[in-house]
Amino acid sequence: MTTTCAIAGCGPAGAVLGFLLSRAGIPVVVLEKHNDFLRDFRGDTIHPSTLELLDQLGLADEFLKLPHRKVSHVQVETTAGERLRFSLERVPSKFRYIAFMPQWDFLEFVTSHAARFPTFTLLRNAEVVGLIERDGLVRGVRYRDAAGEHELEAALTVGADGRTAVTREAARLPRLETSPPIDVFWFRLPRRQDEAAAVFGRIGPGLLLVMLDRNDYWQVAFVFPKGKGDEIRARGLDAFRADIVRVAPELADRVGGIRSWDEVKLLTVKVDRLLKWSTPGYLAIGDAAHAMSPVGGLGINVAIQDATAAANVLWRPLSEGRVSDRVLEEVQHRRERAVRLLQALQGFVQSRILQPALMSTGAPSLPWIMKLITRTPFLRDIPPRLIALGIERPHVESPDRYNPGA
Ligand SMILES: Cc1cc2nc3c(=O)[nH]c(=O)nc-3n(C[C@H](O)[C@H](O)[C@H](O)COP(=O)(O)OP(=O)(O)OC[C@H]3O[C@@H](n4cnc5c(N)ncnc54)[C@H](O)[C@@H]3O)c2cc1C
């Protein structure tokens, strides 16, 4: 089988790139190792920049008919009674909220729309196991499905296969890895309808909890110092539940819902960045090019912005059947500055705000820098703006070949 663009992975980056390129008339095959998009929680935040993208594509109204929660505030509280609020209501966008929607609904929406283009193919249960390389050039992927192993030749291969990408390993691209000082346990607890709709950050003595409103349940992140997961587990579930209640007393009536450690997923927080995103015939985007920290919930947004920028750069060379190294480097050039800046800001929050909070044993207090930011009119809108829109907002420049007048 041959195609023009093979995309490994159908997460936010692969799905959006597949949509945009096939809409521009480029034959695309997206290979996804799972049969469906239902999987562990990996972030369900659709930020204003993604809603703007859908709006440009004429899809926002239909998308927002899917069940979702609109959240416009992030509230940080300490158990000592301090509180501050970040608001998205002044973000310069038509959409001044984060839409919380299961990631699988978003991916299903994007791929079902892409499937209307004859140039789009999604292969499910197709696990990419390696790259086809000839004469120093990547010429496609090797993948496995129920029928066995196959080859898919392509003018360009895009690695959008996430933070453990097989393709970027096969492409042997140099990588810079940092070790953030935190890890996270994720779990769910029921949410009552009378509870406020917001994202809550809770700081207690040596404790940090983030609660994301998912309508009928809270998706909870229990943040702890890196590598201490086994120690916390060894103390037992009762001690874990007691820690949760210490920092979020209102959860006392339902914390018993965590019946076993199987319901508590460990996220080993990992941050890395490829020094070079491409090699002849291959380009990495999204988490495959740069795994983001969960701080600020930026990963999906950044991955989708990568995909948009990549489609803007690639559609014309791909329609002419060849993509030069310079073109691939242009994608990195357009996106790298934003990614590096966001990773640096996440690193600052991790080491200057989260780590000190986790290390403190006395009465918790809000970090002075957060107080300064929220009390200064010029500064207070910067964090919500970064979360909502990122650093740069690539607009769709690739055409719609099937509806040229749109
Ligand atoms: C627990 C957790 C919580 C998070 N919370 C948030 C949040 O609230 N907000 C936010 O913005 N970000 C969040 N993130 C980060 C976010 O999920 C990622 O940054 C984002 O999904 C990256 O998109 P991507 O398309 O690059 O990669 P992924 O979403 O990882 O998608 C990669 C896709 O490739 C597929 N794949 C992998 N290997 C292969 C293979 N060999 N062959 C074929 N297919 C393959 C995978 O199945 C997957 O579908 C969270 C991440 C985790 C782990």
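Look up: the structure comes first, before these words.
Now for a description of the structure that goes with this document. (Residues numbered from 1 in each chain as written. Predicted model: local features only at pLDDT ≥ 70, side-chain atom pairs only at ≥ 80, totals over all residues. Heavy atoms only, no water.)

**A few points about the sheet that holds strand S4 (residues 69-71)**
Next up, step 1: Spatial ordering of the open sheet is given by S3-S7-S4, a layout of 3 strands whose pairing is antiparallel. In this open sheet, the two strands that pair with only one neighbour each are strand S3 (45-46) and S4.
Next up, step 2: Two elements, S4 and strand S7 (residues 98-100), share 3 bridges in a ladder whose sense is antiparallel. Bridge pairing in S7 places valine 71 opposite isoleucine 98. (Pairing = 2+ DSSP bridges. Helix = DSSP H or I, 4+ residues; strand = E, 2+ residues; numbered from the N terminus.)

**Description of the sheet that holds strand S13 (residues 182-190)**
Next up, step 1: In spatial order, the strands read S6-S5-S14-S15-S16-S13-S17; together these 7 strands make up an open sheet with mixed pairing. Where the open sheet ends on each side, the last strands, each with one partner, are strand S6 (83-87) and strand S17 (265-267). Neighbour-to-neighbour, the strand axes of this sheet turn through a mean angle of 20°, independent of strand direction.
Next up, step 2: The strands touched by helix H9 (residues 325-359) within the sheet are S13, strand S14 (199-204), strand S15 (207-213) and strand S16 (217-225), with S15 carrying the most contacts at an inclination of about 115°. (Axes fitted to C-alpha atoms, helices over the stretch in contact; angles between N-to-C directions. Contact = heavy atoms within 4.5 Å.)

**With respect to the packing of aromatic side chains**
Next up, step 1: Across all of its chains, the model carries 12 aromatic pairs by this definition.
Next up, step 2: Judged by centre distance (4.8 Å) and plane angle (65°), the rings of phenylalanine 222 and phenylalanine 240 are edge-to-face. With phenylalanine 222 in strand S16 and phenylalanine 240 in helix H7 (residues 237-247), this residue pair connects regions lying 18 residues apart in the sequence. Each member of the pair phenylalanine 222 and phenylalanine 240 is classed as buried.
Next up, step 3: Taken together, the ring pairs in this structure connect Phe185, Phe187, Phe222, Phe224, Phe240 and Trp261 into an aromatic cluster.
Next up, step 4: Looking at arginine 191, its charged tip hangs above the ring of tryptophan 218, at a distance of 5.2 Å from the centre.
Next up, step 5: Cation over ring: arginine 202 sits above phenylalanine 200, and NZ or CZ is 5.6 Å from the ring centre. (Phe/Tyr/Trp six-rings, centres within 6.5 Å; stacked < 30°, edge-to-face > 60°. Buried < 20%, exposed > 50% of the residue type's maximum accessible area, 1.4 Å probe, protein only. Lys NZ or Arg CZ within 6 Å of the ring centre and 35° of its normal.)

**A look at the pattern of salt bridges**
Next up, step 1: Enumeration according to the criterion identifies 38 salt bridges in this entry.
Next up, step 2: When the shortest N-O distance is used, the salt bridge between glutamate 77 and arginine 83 registers 3.5 Å.
Next up, step 3: The exposure class of glutamate 77 is buried, given its relative accessible area of 9%.
Next up, step 4: A salt bridge links arginine 163 to aspartate 287; the nearest nitrogen and oxygen atoms lie 3.3 Å apart. Taken as a pair, arginine 163 in the loop between strand S11 (148-159) and helix H5 (166-170) and aspartate 287 in the loop between strand S20 (282-284) and helix H8 (299-319) lie far apart in primary sequence, 124 residues in all.
Next up, step 5: In this structure arginine 163 comes out as partly exposed when scored by relative accessible area, which is 26%. (Salt bridge = Lys/Arg side-chain N within 4 Å of Asp/Glu carboxyl O.)

**Details of H8**
Next up, step 1: Compared with the 30 Å implied by 1.5 Å per residue over 21 residues, the 29 Å span of H8 between its first and last C-alpha is a close match.
Next up, step 2: Most pronounced at valine 313, the bend in H8 amounts to some 35°, and the proline proline 317 follows within four residues.
Next up, step 3: Of all the 21 residues making up H8, 18 are buried; the element is thus mostly covered by neighbouring parts of the structure.
Next up, step 4: Directly beyond the C-terminal end of H8, a positive phi value near 90° is found at glycine 321. (Expected span 1.5 Å × (residues − 1). Bend = angle between axes of the 7 residues up to and from the residue.)

**Some details on the packing of helix H2 (residues 48-56) against H8**
For any two helices packed against each other, one specifies the crossing angle of their axes together with the interaxial distance.
Next up, step 1: Where H2 meets H8, the axes come as close as 9 Å, and the angle between the chain directions of the two elements is 35°. Pair H2 / H8 crosses with left-handed handedness. Where H2 approaches H8, its residues Ser49, Thr50 and Leu53 are matched on the opposing element by Asn301, Ile304, Gln305 and Thr308.
Next up, step 2: Across the contact of H2 with H8, the residue classes break down as 2 nonpolar, 5 polar and no charged. (Left-handed = near helix turned anticlockwise from the far one by under 90°. Nonpolar A, V, L, I, M, F, W, Y, C, P; charged D, E, K, R; others polar.)

**Some points on the side chain of histidine 113**
Next up, step 1: Relative to the helices and strands, histidine 113 is located in helix H4 (residues 103-114).
Next up, step 2: On the accessibility criterion, histidine 113 (5% relative accessible area) is buried.
Next up, step 3: Aside from chain neighbours lying at most four places away, what touches histidine 113 is Phe19, Leu59 and Glu62.

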